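Residue strings, one per chain:
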Amino acid sequence: MLDYIIVGSGLAGIAFAETLLQNNKSFVVFDNHSQNSSKIAGGLYNPVILKRFSQVWNANEQLALAEVFYQSIEAKLNTQVDFKIPIYRKFFSVEEQNNWFAASDKPALAPFLSTAIVHKQYKGIDSPFGYGEVLHTGYVDTEVLLHNYHAYLKVLELLVEEAFVHDDLIFFEDHLAYHNLKAKQIVFAEGFGMHANPFFKHLPLDGTKGELFIIKAPELDLDVIVNTSVFILPLGNDLFKVGATYNWEDKTPTPTAEGKQELIDRIKEILTCDFEIIDHFAGVRPTVKDRRPLLGSHHLHKNVHILNGLGTRGVMLAPAMAIDLYDYIENGKALDKSADVKRYAIS
């Protein structure tokens, strides 16, 4: 009998799978790769919400756990996935500079906001008011991470690449059965696909569509991530990832003309050089309106669990939330009330 079945192998699913491996638990992962938000994500990790200069929820703990997690993954896969690179917030006025300094005086934000304005002039960007540097930042190449981790699971014969049929799950007093498998626990980490899950579809997973570009801009000289109304992330060879849009109405993973134009307009607000669109991606992020993850157990089936709602900060949240859910299931450690699905009563 297996210890676990995991459904979904995006950032949440592989974080939980890696947590199980580190604790010598047996499992199998189901995924038909129908959800692509993890694969096409920007992958940035940033402890500060730059729109309103506030600290990300539990940022210190998440950053510490994420660093250890991705170091372990890199050693296991012999592949770099974590790239530490500064994020520069471009200032558009003296008032924005003053707001930055006011934020950097707050105890929670002081470790993450440099008090020295960066006046470096990057070719291709006009920045008369300079930049503010966010510390302890970078990005995870989620496409490389997922591709290599899936290959790793395949070698171990732990990845089943087919759709999970929820109605075929059978409950017994001390275990679950699914086709020819038996397991003690099951964890659903399906991202926006949760809406097809009969056990958790009552939860308010909203879903926010995001669109991104890969652009080529030979005249843009940039060795940091610039964040304004969009982020611009250097990939090398004159290529840059640019994103992202936020659409709360459209729940399809298809690039749109509207999203394309919005990104083009925002890029032109920042860059003074020409650029060429090389690729255009879209995906639906698993977001929750209260901006907190969805962790916990089904109200009737105590061995049916969920790890979801990581939203726009999956690379930071996934390792910490996987550990929290594991400790909850295996060790009875209480979940943070603001992340526990019990906050949403069953009607």
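Just above, that's the structure.
Engineer: In this structure, what is going on with the side chain of Ser104? I would like to understand it.
Structural biologist: Here Ser104 lies in helix H3 (residues 94-104). A relative accessible area of 6% means that Ser104 is categorised as buried.

Engineer: Even after reading the chapter, I still don't get the pairing of strand E14 (residues 208-216), so can you show me in this structure?
Structural biologist: Note on strand geometry: in a regular strand, side chains alternate between the two faces of the sheet. The buried fraction of E14 amounts to eight of the nine residues, a majority that puts the element mostly inside the structure. Inspection of the sheet shows E14 paired to strand E18 (residues 276-285) by nine bridges, in the antiparallel sense. When the sheet's bridge partners are listed, Gly210 is paired in E18 with Gly283. Note that E14 and strand E17 (residues 239-243) share five bridges and pair antiparallel. Each residue of the ladder has a partner; that of Leu212, found in E17, is Gly243.

Engineer: What exactly am I supposed to notice about the nonpolar core here?
Structural biologist: Burial of nonpolar side chains together is a common tendency in soluble globular proteins. One finds Phe16, Phe27, Tyr70, Leu145 and Leu307 to be the most contacted residues of the largest nonpolar core, which totals 68 residues. The dominant element in this core, judged by the number of residues it contributes, is helix H6 (residues 314-331), at 11 residues. Once residues lying within four places of it in the same chain are set aside, the contact partners of Leu145 are Leu11, Ile14, Tyr70, Ile73, Leu77, Val81 and Val140. Core analysis: the next-biggest nonpolar cluster, separate from the first, contains 24 residues, Ile5, Tyr178, Phe200 and Val288 among them.

Engineer: Help me understand the sheet that holds strand E3 (residues 44-45), please; the structure alone is not making it clear to me.
Structural biologist: Adjacent strands of a sheet pair through backbone hydrogen bonds, lying either parallel or antiparallel. The sheet built from three strands is open, its strands ordered E3-E9-E6 with antiparallel pairing. The open sheet has two edge strands with one neighbour each: E3 and strand E6 (82-84). Sheet topology places E6 next to strand E9 (residues 138-140); three bridges connect them, and they run antiparallel. Of the residues in E9, the one forming a bridge with Lys84 is Gly138.

Engineer: Got a minute to help me understand helix H2 (residues 59-77) in this structure?
Structural biologist: Turn by turn, an α-helix covers 3.6 residues, leaving residues three or four places apart pointing in a common direction. In this model H2 runs 26 Å from its N-terminal to its C-terminal C-alpha over 19 residues, within 8% of the 27 Å that 1.5 Å per residue would give. For H2, the full list of buried residues reads Ala59, Gln62, Leu63, Ala66, Phe69, Tyr70, Ile73, Glu74 and Leu77. Buried residues of H2 fall within an arc of 135° about the axis and therefore sit on the same side. Of the exposed residues in H2, those oriented more than 90 degrees away from the buried face are Val68 and Ala75. A positive phi of about 55° marks Asn78, the residue just after H2.

Engineer: What am I meant to see in the sheet that holds E17 here?
Structural biologist: Taking strand neighbours across the sheet as the criterion, the seven strands line up as E8-E7-E15-E16-E17-E14-E18 in an open arrangement whose pairing is mixed. Two strands close off the open sheet at either side, each with one partner strand: strand E8 (131-134) and E18. Taking the axes of each pair of neighbouring strands and ignoring which way they run, one obtains an average angle of 25° across the sheet.

Engineer: Looking at this model, I keep getting lost on the pattern of salt bridges. Mind explaining?
Structural biologist: Any two side chains of opposite charge can pair, on the condition that their charged atoms come close. Per the counting criterion, the structure on display carries 12 salt bridges. Linking Lys154 and Glu161 is a salt bridge whose minimum nitrogen-to-oxygen distance equals 3.4 Å. Relative accessible area serves as the criterion here: at 45%, Glu161 is assigned to the partly exposed category. Across the pair Arg266 and Glu262 runs a salt bridge, and its minimum N-O distance is 2.7 Å. Of this pair, Arg266 and Glu262 both sit in helix H5 (residues 257-270), four residues apart, which is roughly one turn of that helix. Residue classification places Arg266 among the partly exposed positions, given a relative accessible area of 23%. Taking relative accessible area as the criterion, Glu262 reaches 28% and is therefore assigned partly exposed.

Engineer: I tried to follow H5 on my own but got confused; where do I start?
Structural biologist: With 14 residues, H5 extends 20 Å from end C-alpha to end C-alpha; this agrees with the ideal 20 Å at 1.5 Å per step. Residues of H5 that are buried: Gly259, Leu263, Ile264, Ile267 and Ile270. The buried residues of H5 all sit within an arc of 135° when viewed along its axis, so they share a single face. Seen from the buried face of H5, the exposed residues on the opposite side, beyond 90 degrees, are Ala257, Glu258, Lys268 and Glu269. As for H5, its buried residues are in contact with strand E7 (87-90), E14, strand E16 (231-236), E17 and E18.

The rules behind the values
Residues numbered from 1 in each chain as written. Predicted model: local features only at pLDDT ≥ 70, side-chain atom pairs only at ≥ 80, totals over all residues. Heavy atoms only, no water. Helix = DSSP H or I, 4+ residues; strand = E, 2+ residues; numbered from the N terminus. Buried < 20%, exposed > 50% of the residue type's maximum accessible area, 1.4 Å probe, protein only. Pairing = 2+ DSSP bridges. Core = buried A, V, L, I, M, F, W, Y, C linked by side-chain atoms within 4.5 Å. Contact = heavy atoms within 4.5 Å. Expected span 1.5 Å × (residues − 1). Arc of directions from axis to C-beta. Axes fitted to C-alpha atoms, helices over the stretch in contact; angles between N-to-C directions. Salt bridge = Lys/Arg side-chain N within 4 Å of Asp/Glu carboxyl O.

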